[in-house]
Each structure stands twice: as structure tokens, then as C-alpha cells.
Amino acid sequence: MAGTFEGKVALVTGAASGIGRAAAIRFAEEGARVFCADLNLAGAEAVAAGIGKGASAVQVDVASYASNQAMVDAVMANAGQLDVAFLNAGFYGAAEGLDTVDEALFDRLVAINLKGAFNGIKAVQAVIATGGAVVVTASAAGIVGHPANPAYSAAKHGVVGLVKSCVDAFAARGARINALCPGGVETPLIGAPDVAIVPAADLPRVPARGMGRAQHVAEVALWLSSPAAGFITGQAQVLDAGLLSTFAPVMLPVGP
Ligand SMILES: NC(=O)c1ccc[n+]([C@@H]2O[C@H](COP(=O)([O-])OP(=O)(O)OC[C@H]3O[C@@H](n4cnc5c(N)ncnc54)[C@H](O)[C@@H]3O)[C@@H](O)[C@H]2O)c1
């Protein structure tokens, strides 16, 4: 039986690890020819080799527009089409709060997470196929503040605004663009092991406000990229086991 993405070409950034790796595997399982893009070329090559099925690796530094353009050029030169772009590469760092984050770290978090999204969106917009879809990984920290890492939160808020602002440009090509806003996900980004695909029975077993797995995010990226989500564009889809669904359970003491 043909998969949802049979005959389609999917580009995944941040594909060497975590959410991107899980998504690359799942897009390929559903029939897509997958381009695994990452700063970590060896990691992307290992993921592509594990997938087989015509998957290949391409190096990209999403913080550079020229590098994003070269990545998209490589996809078009090799595959001749681009149907799905999952722009997912990101960087969290050591979670510096306002007291310790400095200008250099702020610039790095913005360069990778926000400018990286802008660069990828701009590079794929010129070639995305009619009926195509772009999904950009923001964060639940792009919806509410994150005192543990305000620069990251600011960058991810920017990603949400950017995605909403690009709806018309993609609609003009017959394509869609949405953001994903995951809550906590067990990946190397936060020091967890890199587990891509989990037993199917584990997917529904997340306690309220619990941590998700890379595959949880991958599955939503697949669905948002599929024809079943054809009515959805310009959205910031939260997937967080209800983390943002209620007020914080404990009120903080009033300051001095
Ligand atoms: N893990 C979480 O709790 C969580 C929650 C919300 C959002 N996110 C977002 O999900 C996305 C994927 O994160 P993950 O948890 O899978 O992390 P991860 O660290 O497992 O994977 C991130 C990948 O991005 C790549 N990368 C980093 N900088 C890059 C650059 N400049 N150019 C190209 N590739 C680069 C890394 O090499 C790595 O392979 C990120 O955008 C992250 O901000 C993660």
C-alpha cells in the first residue's frame, strides 16, 4: 500500500538527532525521498544510511542564508522537486537566565532559532511544490515566556510571528506553512538519550504535563504536511500534554 508521501520529496533540518531524526525516519516510512540536513554532516549521513530508500544527507548551517540556499539547490539538483520542508534545526544551549545570558549567547540563540527559520523559509519558498507544506519547529516557549532561557523564548516567539506572516507568500504558490510548539521532549537538546521511534503502544501513554518523545513531534509534523491538513495554514500548533492548558499550579510569592 502506498504511503502518504509516496512520490514526494521531504527536506528535514536538524535531521541528525532528536525530533528531526524521528521525522526523517517517519517521512521515509510513508514513502518520501528524504534529504537529511544538519550542521552535523556525519550524523545526517548516518541517519540517511540507516533509512536507505534513496535518503541522502546534506550539510547546512541554518544561521547562514547562503548555506540554506545551497541546501535547497542540492535538493532541486538531485530530486527536481520539493514537496515538504520540516525546518526543525534548533539550539537551546545551557539555559542561561537573564542574570547570566550575555550578548554573544543571545545572538547565537537568535541566529540559529529565528534567523535560521527565516533563512530556511525564504530559501524553500521559491521552489516549494504546489500542494506542498512547510512546518517550522518553534516551541511552547514561543507561546509563553521561559525565564530559564529568555533569549531562546524570544527567538521562538519570533518564529511563530514569522510563520504567521508568511501564509500569503506560500498560498500564492498553493502551499501551506505552520509552526509546531512542543513542550518538553526527551532529546539530546535537553540531555536525554536520542530515541527516535518508540513502541506504538507508548505513544498514547504520556501523563498530563509529562515529557514527550521525538516521535510525538514527528507524527504531528507528518500530519501537518499531509493533504489531510490541507485546511490548516498559519497556525502555531501546541503539542505539550496539556502543559500550557492551565495556570501554574503554585503561585509564586510576591517580591520585595
Ligand atoms: N527537546 C525539547 O524539549 C524541545 C521542545 C520544544 C522545541 N524544541 C525544538 O525542536 C527542534 C529540534 O530539537 P531536538 O529536541 O530534536 O534537539 P536535538 O539537539 O536532538 O537536535 C537538534 C539538531 O539541530 C542541529 N543543529 C543545531 N544547530 C544547527 C545549525 N546551525 N544548522 C543546522 N543544524 C543545526 C543539531 O546538530 C541537531 O542535530 C529545535 O528547534 C528545538 O528548539 C525542542
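Per an unreviewed UniProt entry, the chain goes by Short-chain dehydrogenase/reductase SDR and derives from Novosphingobium aromaticivorans. Word for word, the UniProt comment on the chain under Sequence similarities (unreviewed entry) is "Belongs to the short-chain dehydrogenases/reductases (SDR) family."

Caption draft 1: Summary view of the overall build of the chain. Each helix and strand counted, the chain has 7 helices and 9 strands in total. For the chain, the C-alpha atoms occupy an extent of roughly 60 × 40 × 35 Å along the three principal directions. Out of the 256 residues in the chain, the part that is buried amounts to 47%. Nonlocal contacts in the chain, meaning residues at least 24 apart in sequence, comprise 69% of its contacts between residues at least 6 apart. Of the roughly 11,800 Å² of accessible surface on the chain, a fraction of 60% belongs to carbon and sulfur atoms.

Caption draft 2: A look at the state of the cysteines. Counting across every chain of the model gives 0 disulfides. Lacking any disulfide linkage, C181 is separated from the closest cysteine sulfur, that of C166, by 15 Å.

Caption draft 3: Layout of the environment of G234. Along the chain, G234 falls in the loop between α7 (214–225) and β9 (236–239). We classify G234 as buried; its relative accessible area is 12%. Distance in space between the C-alpha atoms of G234 and R209 is 25 Å, their sequence separation being 25 residues. Contact partners of G234, with chain neighbours within four places excluded, come to K164, V167, I177 and N178.

Caption draft 4: Inspection of the sheet that holds strand β6 (residues 176–182) at higher detail. With parallel pairing, 7 strands are arranged side by side in an open sheet as β3-β2-β1-β4-β5-β6-β9. The sheet terminates laterally at β3 (56–59) and β9, the two strands that pair on one side only. Shown here is a sheet whose adjacent strand axes are inclined to one another by a mean of 20°, direction ignored. Note: strand β1 (residues 9–13) against strand β2 (residues 33–38), 5 bridges, orientation parallel. Residue V12 lies in a different strand from β2, and its bridge partner there is C36. Against the sheet, helix α3 (residues 65–79) engages β1, β2 and β3, with an angle of about 160° to β2. Across the sheet, helix α4 (residues 103–125) lies against β1, β4 (84–87), β5 (133–137) and β6, angled at about 170° from β4, the strand it touches most.

Caption draft 5: Examining unusual backbone geometry more closely. The residue A95 is not glycine, and still its phi comes out positive at about 55°. Relative to the assigned elements, A95 resides in the loop between β4 and α4. Relative accessible area serves as the criterion here: at 30%, A95 is assigned to the partly exposed category. We note that A241 has phi near 55°; this positive angle belongs to a residue other than glycine. Here A241 lies in the segment after β9.

Caption draft 6: A look at the site of the ligand. The ligand sits among 26 residues. The nearest are S17, I19, D38, Y152 and T187. For the ligand, an oxygen atom lies 2.8 Å from a polar atom in the backbone of I19. In this structure, an oxygen atom belonging to the ligand sits 2.9 Å away from a main-chain N or O atom of N88. For the ligand, the accessible surface in isolation is 830 Å², of which the surrounding protein chains cover 91%. Mapped onto the shell around the ligand, the elements with two or more residues apiece are α1 (18–29) and α5 (150–165).

The rules behind the values
- Residues numbered from 1 in each chain as written.
- Predicted model: local features only at pLDDT ≥ 70, side-chain atom pairs only at ≥ 80, totals over all residues.
- Heavy atoms only, no water.
- UniProt positions renumbered as here; feature names shortened; annotations may be inferred.
- Helix = DSSP H or I, 4+ residues; strand = E, 2+ residues; numbered from the N terminus.
- Buried < 20%, exposed > 50% of the residue type's maximum accessible area, 1.4 Å probe, protein only.
- Contact = heavy atoms within 4.5 Å.
- Areas by Shrake-Rupley, 256 points an atom, 1.4 Å probe, with all protein chains shown as cover.
- Disulfide = S-S within 2.5 Å.
- Pairing = 2+ DSSP bridges.
- Axes fitted to C-alpha atoms, helices over the stretch in contact; angles between N-to-C directions.
- Near = heavy atom within 4 Å.
- Polar contact = N/O pair within 3.5 Å; in protein donor to acceptor, adjacent residues only side chain to side chain.

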